[in-house]
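# Working through the structure, step by step
If you want the building blocks of each chain, they are given just below.
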Amino acid sequence: MLLRLPKIGMEMTEAVLARWLVDDGAVVAKGQALYEMETDKVTNEVDAPVAGRVRLTAREGETYQVGDPVAEIGP
Amino acid sequence: MTPGGDTLRHMFGTMTLIAACDDALRSAISAGEATLSYYSPRGQEAVAAGFGAALRPDDYLVTTYRGMHDQIAKGVPLRPLLAEMVGRAEGTGKGKGGPMHVVWPDAGLMLTTGVVGSGLPIAAGLAWAAQRDHAGAPAAGSGAARGAGPRVTVASFGDGATNIGAFHEAANLAAVWRLPVVFLCQNNGYGEHTAFADHQRTAHVAQRAAAYGMPGVTVDGNDPVAVYEAVAEAAAQARAGEGPTLVEAVTYRLFGHVFGDRMAYVDPAELAAAWEHEPVARFRRRLIEQGLLTEESAAEVEARCAARATGTLSEVLGLPEPGADEVLTDVVSRSLPLTVPASAPAGDMSVRSAITLALDEALSADDRVVLLGEDISDTGVFGVTKGLAAKHGRDRVRDTPISEQAIVGAAVGAALGGLRPVAEVMFMDFLGLCLDQLANHAAKLRYMSGGLTPVPMVLRTAVGGGLQVGAQHSQMLEAWLAHVPGLKVVVPSTPSDARALLASCIADEDPCVFIEQVPLLARKGPVDGTPVPLGVADVKRPGSDVTVVTYGRQVHEAVAVAEALAPRGVEVEVLDLRSLVPLDEAAVVDSVRRTRRAVVLHEAVVTGGFGAELAAGISEVLFDRLAAPVLRVGALPAPLPYAKGLERLALPGPDRLLEAIEWVIAFSR
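All of these numbers come straight from a predicted model, not from anything done at the bench. (Residues numbered from 1 in each chain as written. Chains lettered and ligands numbered in written order. Predicted model: local features only at pLDDT ≥ 70, side-chain atom pairs only at ≥ 80, totals over all residues.)

### What to know about the overall build of chain A
The helix and strand tally for chain A stands at zero helices and eight strands. Listed by position from the N terminus, the elements making up chain A come as β-β-β-β-β-β-β-β. At 11 Å, chain A has a C-alpha radius of gyration in line with the 11 Å of a compact globule built from 75 residues. Over its C-alpha atoms, taken along the principal directions, chain A stretches across nearly 35 × 20 × 15 Å. (Helix = DSSP H or I, 4+ residues; strand = E, 2+ residues; numbered from the N terminus. Rg over C-alpha atoms; globule rule 2.2 N^0.38 Å.)

### Thoughts on the overall build of chain B
Regarding its fold elements, chain B presents 23 helices and 22 strands. For 669 residues, the compact-globule formula gives about 26 Å, and the C-alpha radius of gyration of chain B, at 28 Å, lands near that figure. Seen through its C-alpha atoms, chain B measures out along the principal axes to roughly 100 × 55 × 45 Å. Nonlocal contacts in chain B, meaning residues at least 24 apart in sequence, comprise 80% of its contacts between residues at least 6 apart. (Contact = placed C-beta atoms within 7 Å.)

### Structural notes on the nonpolar core
With 216 residues, the main nonpolar core has A124, V182, V231, A411 and V599 of chain B as its most contacted residues. Broken down by element, the residue count for this core peaks at 12 residues, all from helix α1 (residues 5-30) of chain B. Excluding its chain neighbours within four sequence positions, the residues that come into contact with A411 of chain B are G125, L372, P421, A423, M457 and L459 of chain B. Among the nonpolar cores identified, the runner-up in size contains 13 residues, and L3, V28, L34 and V54 of chain A belong to it. (Core = buried A, V, L, I, M, F, W, Y, C linked by C-beta atoms within 7 Å. Buried ≥ 20, exposed ≤ 12 C-beta atoms within 10 Å, placed from the backbone.)

### A few points about the interface of chain A and chain B
At the interface, six residues of chain A touch 11 residues of chain B. Class assignment for the residues of the side of chain A that touches chain B results in two nonpolar, one polar and three charged. (Nonpolar A, V, L, I, M, F, W, Y, C, P; charged D, E, K, R; others polar.)

### Regarding helix α10 (residues 279-289) of chain B
Residue and element names in this part refer to chain B. Among all positions in α10, only P279, V280, F283 and R284 are buried. Considered in projection along α10, the buried side chains sweep an arc of 135 degrees and stay on one side of the axis. More than 90 degrees from the buried face of α10, the exposed residues found are R285 and E289. The secondary structure elements touched by the buried residues of α10 are α1, α2 (45-54), α8 (224-239) and α11 (295-317). Two residues or fewer after α10 comes G291, characterised by a positive phi angle close to 80 degrees. (Arc of directions from axis to C-beta.)

### Points about helix α4 (residues 78-85) of chain B
All names here are of chain B. Most of α4 is tucked away, with six of its eight residues classed as buried. The secondary structure elements touched by the buried residues of α4 are α3 (68-74) and α11. At the exit of α4 stands G87, carrying a positive phi of roughly 75 degrees.

### Some words on the sheet that holds strand β1 (residues 60-64) of chain B
Hydrogen bonding along the main chain pairs the strands of a sheet, whether they run parallel or antiparallel. Residues and elements named next belong to chain B. Strand order in this open sheet of six strands is β2-β1-β3-β4-β8-β7, and the pairing throughout is parallel. If you trace the sheet from one side to the other, it starts and ends with β2 (109-113) and β7 (216-220), each paired once. Neighbouring strand axes in the sheet, compared pairwise and without regard to direction, differ in orientation by 20 degrees on average. With six bridges connecting them, strand β3 (residues 153-158) and strand β4 (residues 181-187) associate as parallel partners. Note on β4: the bridge partner recorded for S156 is L184. Along the sheet, helix α5 (residues 119-134) makes contact with β1, β2, β3 and β4, crossing β3 at roughly 175 degrees. (Pairing = 2+ DSSP bridges. Axes fitted to C-alpha atoms, helices over the stretch in contact; angles between N-to-C directions.)

### Focus: the pairing of strand β21 (residues 598-605) of chain B
Residues and elements named next belong to chain B. A large share of β21 lies buried, amounting to eight of its eight residues. One ladder, built from three bridges, connects strand β18 (residues 546-550) with β21; its direction is parallel. Bridging across to β21, T547 finds its partner in A598. Looking at chain direction, β21 and strand β22 (residues 631-635) are connected through four bridges and run parallel. Its bridge partner lying in β22, V600 is registered against R632. For the handedness criterion, the β-α-β arrangement of β21, helix α21 (residues 610-622) and β22 is classed as right-handed. (Right-handed = clockwise from strand over helix to strand, strands pointing away.)

### So, the confidence of the model for chain B
Summarising the model, chain B shows a mean pLDDT of 95, and 97% of its residues fall at 70 or more. Predicted confidence is poor over residues 138-145 of chain B, with pLDDT under 50, and the contacts of this stretch with residues over four places away or in other chains come to nine contacts. (pLDDT = per-residue confidence, 0-100.)

### Focus: the sheet that holds strand β10 (residues 369-373) of chain B
Residue and element names in this part refer to chain B. What the seven strands build is an open sheet, ordered β11-β10-β12-β13-β15-β14-β20; its pairing is mixed. Two strands lie at the open edges of the sheet, namely β11 (397-399) and β20 (579-581), each paired on one side alone. Taken pair by pair, the neighbouring strands of this sheet meet at an average axis angle of 20 degrees, ignoring direction. Pairing of strand β12 (residues 420-427) with strand β13 (residues 458-463), which is carried by five bridges, proceeds in the parallel orientation. Bridge assignment links V422 to a residue of β13, and that residue is V458. Of the strands in this sheet, β10, β12, β13, β14 (488-490) and β15 (512-517) are in contact with helix α18 (residues 495-507), which crosses β15 at around 155 degrees.

### Points about the packing of α5 of chain B against helix α6 (residues 165-176) of chain B
All names here are of chain B. At their nearest, the axes of α5 and α6 sit 8 Å apart, and the two run at 20 degrees to each other. Between α5 and α6, the interaxial angle falls into the category roughly parallel. Of the two possible hands of crossing, α5 and α6 adopt the one that is left-handed. Contact with α5, carried on its side by L120, P121, A123, A124 and A127, involves A166, F167, E169, A170, L173 and A174 of α6 and no other residues of that element. (Parallel < 35°, antiparallel > 145°, perpendicular 65-115°, else oblique. Left-handed = near helix turned anticlockwise from the far one by under 90°.)

### Concerning the packing of helix α19 (residues 554-565) of chain B against helix α23 (residues 654-666) of chain B
Residues and elements named next belong to chain B. Running from N to C, α19 and α23 point in directions that differ by 55 degrees, and their axes come no closer than 10 Å. As judged from the angle between their axes, α19 and α23 are oblique. Seen along the crossing, α19 lies across α23 with a hand that is right-handed. Here E557, A558, A560, V561 and L565 of α19 lie close against α23, whose contacting residues are P654, L657, L658 and I661. Residues that form the contact of α19 with α23 fall into these classes: eight nonpolar, no polar and one charged.

### Some points on the domain arrangement of chain B
Residues and elements named next belong to chain B. Examined at the domain level, chain B breaks down into domain 1 (5-137 + 147-318), domain 2 (347-527) and domain 3 (538-666). Of note, the centres of domain 1 and domain 2, computed from C-alpha atoms alone, are 34 Å apart. Counting only elements with at least two residues in the side of domain 1 that touches domain 2, the list comes to β2, α5 and α6. Here the element with the most residues in the side of domain 1 that touches domain 2 is α5; it accounts for 11 residues. Within the side of domain 1 that touches domain 2, the residues separate by chemical class into 17 nonpolar, seven polar and five charged. (Domains from an automatic or database assignment.)

### A few points about unusual backbone geometry
All names here are of chain B. Residues V581 and P582 are joined by a peptide bond in cis, for which omega reads -5 degrees. Positive phi, normally seen in glycine, also occurs at E192, with a value near 50 degrees. Locating E192 in the fold gives a position in the loop between β5 (190-191) and β6 (194-195). On the neighbour-count criterion, E192 (13 C-beta atoms within 10 Å) is partly exposed. One non-glycine residue with positive phi stands out, namely D330, at about 75 degrees. Inspection of the secondary structure assignment puts D330 in the loop between α11 and β9 (347-350).

### Let's talk about the pairing of β3 of chain B
Residue and element names in this part refer to chain B. Buried residues dominate β3, accounting for six of its six residues. On β3, burial covers both faces: T153, A155 and F157 on one face and V154, S156 and G158 on the other are all buried. With three bridges joining them, β1 and β3 adopt parallel strand pairing. By the bridge assignment for β3, V62 is matched with A155. Of the crossover connections in this fold, the one passing from β3 over α6 to the parallel β4 is right-handed.

What follows is the structure, encoded as structure tokens:
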């Protein structure tokens, strides 16, 4: 499953992927926090939508647009 | 808190004077000498005399169109009061407000409103100013005798007003903020022509106080002593920091709603019984029984009051009306353009941070600056007020209930009380919830008072299409505001302008609406410290072939289109108005005189938009000079759709602007 940067709130168009909260290749539970993203307004944690092994494709400190791929979760 | 003999005689004198003025006015209207719409307070004299005697001279009063009794009891001098009622230049508002809009700040009378219930949120704002004024300071001068503490604000209104949203929003806000307010309901049995039992189910208005967690008391409003005691107690509670009280004074309106009302809706037996209990005669009998008056001394008071009333009315009827130069005086402050000191340059930042910076600087520079709005002590809905409550305190960056009418009304009242409020209404689409406060009060109070009560406040509001938030969170409504004389309307396009224009708005002596377009908030740019007065447009891109007159976010779209056209040999000038009111007409005319072609661009729908005003103005002044008709580009005339493609189609994108520019360039006559 491809994970894309979500839109949180009315005006968000992009965010900085501030920090990964799991390691590349980790097995995560559904609802577990995967990463922090920062906008001008707030910092949000983004949770895993499903359980599985996560592969991190986006880099910490980089700015991504809403809809950009940031990770994959597989079996 | 029982009144002494002198106070009782004073109250009798007040009641007698009110009745005498009422009699004189009704006679003059009957005789055709005076032609006002007159809302007689006859029958309600005891309420006014009672609360008037219970207050300090510096206490505030907010009343309504049936307000002459309140005004006299609070100490408004008779001559300017009656002169205003008949529209003479010597009136309280130079004859420009009329009987429904008497104010006299020297006596604490800060507002008389013609809109039922609208005074209550404004009273809450006055009380907030008094509460802040008093914080850490001992009570001033005359206070000692009637209790130290902050000024109290009495909001006087009828039973009919207790069914309107403003009542409920104001009562709730005053209770939540523990404001020093006395809500004084003069329950005269009718809301216009509708009897009390037909307009609410509650037996007593005072029962409604429980809903807001404040005390509610019902007293005989035809007994000035009962009103005095209830108001004195409520005022003492308010001064002690215990918050508001709802005092219901049950009385009767003896001459109906308005002069000429035949009261066909009233049972004649009920009216006859009310005259039996008529308060002035009743109180006269009581004071004679108590030995505080004699038949002779009472008659002497009556004769003196009658002579004063008829004499003063006759004098003011002989006075001149205001001169023609008054028609455009007091609409806004004369002090234009306002000069704001330069700020330190602040480097690159977003529009959002620039607005935060301007608010922070204003809060730091001036103790009178206060912020109010929903969730603002956290971050506000778009993060604009982030950090300000932590730095300046939650009493200056103050959260409100979700009550737009109370937010804007309290800002109006706070401004009347000497603060510099910056209110936030979360979305411009919600203006409909508070437009009465903005358009009928903020905009008009300076004019209607002949300059006595300016309203230096700012209303910040966010808006903007293109975010897929649907038709109730997107619509640019600046044309509604620009249509109301007395309001200033500002739409920044860059971080530097946002900071400077907001500083100018906060420093301004008039109500300013500052429009924050959400899609712009993240836009970054350099912020220098150059002040930007209101009413000064800015050429964001020079050009010689066509002028795009625009503002806000569309400035950037226009510049992008201009850059795209440049290689084709078309030089587009982009003029950023920055403020719609005041409008920099000279800049528009100068630019279009050079380019001879104009396209007006805004995000709002074209129909009835501000672009129509601009296009008409350009055509009127430059008709002979124009090489092509002035075109308007704006949103399509539909509520803004949600689906992404439809939304993009509805908004004025670069394609429609490009098409319009090409059309005016190609046009030849």
